[in-house]
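Descriptive analysis of the structure
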Amino acid sequence: MEVTRIIAIRHGETAWNVDTRIQGQLDIPLNDQGLWQARRVGAALASESLHAIYASDLTRAWQTAGQISEHTGLSVTPHTGLRERGFGTFEGRTFAEIETELPDQAHKWRTRDPEFAPEGGESLLSFRQRVVSTAAELAERHAGEQIVLVAHGGVMDVLYRAATGQELQAPRTWALGNAAINRLLWTPQGFTLVGWSDTQHLQDESLDESTT
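Residues numbered from 1 in each chain as written. Predicted model: local features only at pLDDT ≥ 70, side-chain atom pairs only at ≥ 80, totals over all residues. Heavy atoms only, no water.

A short note on the pairing of strand S2 (residues 52-55)
Cut-off, in case you're wondering: For each residue, the accessible area found with a 1.4 Å probe, counting protein chains only, is set against the maximum for its type, and the residue is called buried under 20%, exposed over 50%, and partly exposed in between. The way it works is that DSSP assigns letters per residue, a run of H or I at least four long becomes a helix, a run of E at least two long becomes a strand, and they are numbered from the N terminus. Here the rule is simple: two strands pair whenever DSSP picks up at least two bridges between them.
In S2, alternate side chains face the same way, and those of Ala52 and Tyr54 on one face and Ile53 and Ala55 on the other are all buried. Pairing of S2 with strand S4 (residues 146-151) involves 4 bridges; the strand directions are parallel. Following the sheet pairing, Ala55 is matched in S4 by Val150. The sheet contact formed by S2 and strand S3 (residues 76-78) spans 3 bridges and is parallel. Considered in S3, the bridge of Ala55 is made with Pro78.

Printed below as a string of structure tokens:
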């Protein structure tokens, strides 16, 4: 059985990440730090044997994927299935504003109620179904190859849970860093974890874009 190797990347930092403001499917670009992180992850993957790059079509993921494309020569294919969870009425609000303005919904969100969906948004159950089916669909196209998926923090969380058997309601104990490198394997039986939250490229000066 041929295995698909997956490198999963969360987009670089945005101003709304810094402000703890929910982006969801609103189209927020990278800030200067995020653009730097995107260049660094692109440089870090330049020597990898890659066959395809897929990305959420939201600007912050697309900009990040564009830097990987620049360093590898591969084009980026957009896929709406890799978008962040739709947060409906939460989008544009900070964590503190949600707690103050929508306390009942905030409690369901904070306790990770799998069936709860903010008005106009997605439940964790439907979000997981979308992400897992999208990632499996793309992996199946590339049996025996290695691909990159560039997406969002929520997508990374779903993939980690899928690969480790963590329940949707389990408290998160793993990092979802901007532009971290996460590695998984896929077979028709599902996902397994290889490595998570590698940020060496964000610390290693030898990967500075001026030297690559």
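Quick notes on the sheet that holds S4
Hydrogen bonding along the main chain pairs the strands of a sheet, whether they run parallel or antiparallel. Inclusion rule: Axes here refer to lines fitted to C-alpha atoms; in helices the fit is confined to the stretch in contact. Angles between the N-to-C directions go from 0 to 180 degrees. Contact criterion: two residues are considered in contact whenever any of their non-hydrogen atoms come within 4.5 Å of each other.
Pairing is mixed in the open sheet, where 6 strands are placed in the order S3-S2-S4-S1-S5-S6. Unpaired on one side and paired on the other, S3 and strand S6 (190-198) mark the two borders of the sheet. Taking the axes of each pair of neighbouring strands and ignoring which way they run, one obtains an average angle of 25° across the sheet. Pairing geometry for strand S5 (residues 181-187) and S6, over 6 bridges, is antiparallel. Looking at the pairing, Arg183 lines up with Gly195 of S6. The strands touched by helix H6 (residues 124-140) are strand S1 (4-10), S2, S4, S5 and S6; relative to S4, the strand with the most contacts, the crossing angle is about 150°. Lying on the sheet, helix H7 (residues 153-164) is in contact with S1, S4, S5 and S6; it crosses S6 at an angle near 125°.

Side note on helix H2 (residues 32-44)
Residues three or four positions apart in an α-helix share a direction because the helix packs 3.6 residues into each turn. Counted only if it meets this: By this rule the span expected of a helix is its residue count minus one, scaled by 1.5 Å. As used in this structure description, the phrase polar contact means that two N or O atoms lie within 3.5 Å; if the pair is within protein, one of them must be able to donate a hydrogen and the other to accept it, and residues adjacent in sequence are counted only when both atoms belong to side chains.
Taking 1.5 Å of rise per residue, 13 residues should cover 18 Å, and H2 covers 19 Å from first to last C-alpha, within 8% of that figure. When H2 is considered as a whole, its buried residues turn out to be Gly34, Gln37, Ala38, Arg40, Val41, Gly42 and Ala43. Those residues of H2 hidden inside the fold are in contact with S1, helix H3 (59-72) and S5. The backbone nitrogen of Gln33 has a side-chain oxygen 3.2 Å away, supplied by the residue at the start of H2, namely Asn31.

Structural notes on the nonpolar core
For the record, the criterion: Residues belong to a common nonpolar core when they are buried Ala, Val, Leu, Ile, Met, Phe, Trp, Tyr or Cys residues joined through side-chain atoms within 4.5 Å.
Within the largest apolar cluster, 26 residues are counted, with the highest numbers of intra-cluster contacts made by Ile6 and Leu149. Mapped by element, the contributors of at least two residues to this core are S1, S2, H6, S4, H7, S5 and S6. What Ile6 contacts, discounting residues up to four positions off in sequence, is Ala139, Ile147, Leu149, Asn182, Arg183, Leu184, Trp186 and Phe191. If you look at the next biggest cluster of nonpolar residues, it comprises 16 residues, including Ile53, Ala65, Ile68 and Ile181.

Concerning the pattern of salt bridges
Here is the rule we go by: A pair is scored as a salt bridge if a Lys or Arg side-chain nitrogen falls within 4 Å of a carboxyl oxygen belonging to Asp or Glu.
In total, this model carries 10 salt bridges according to the counting rule given. The partner of Asp157 in a salt bridge is Arg161, with the nearest N and O atoms 2.8 Å apart. Highlighted residues: Asp157 and Arg161, both in helix H7, separated by 4 residues, approximately one helical turn. The partner of Arg172 in a salt bridge is Asp157, and the shortest N-O contact between them spans 3.0 Å. With Arg172 in the loop between H7 and S5 and Asp157 in helix H7, this pair connects stretches of sequence that are 15 residues apart. For Arg172, a relative accessible area of 42% gives the class partly exposed.

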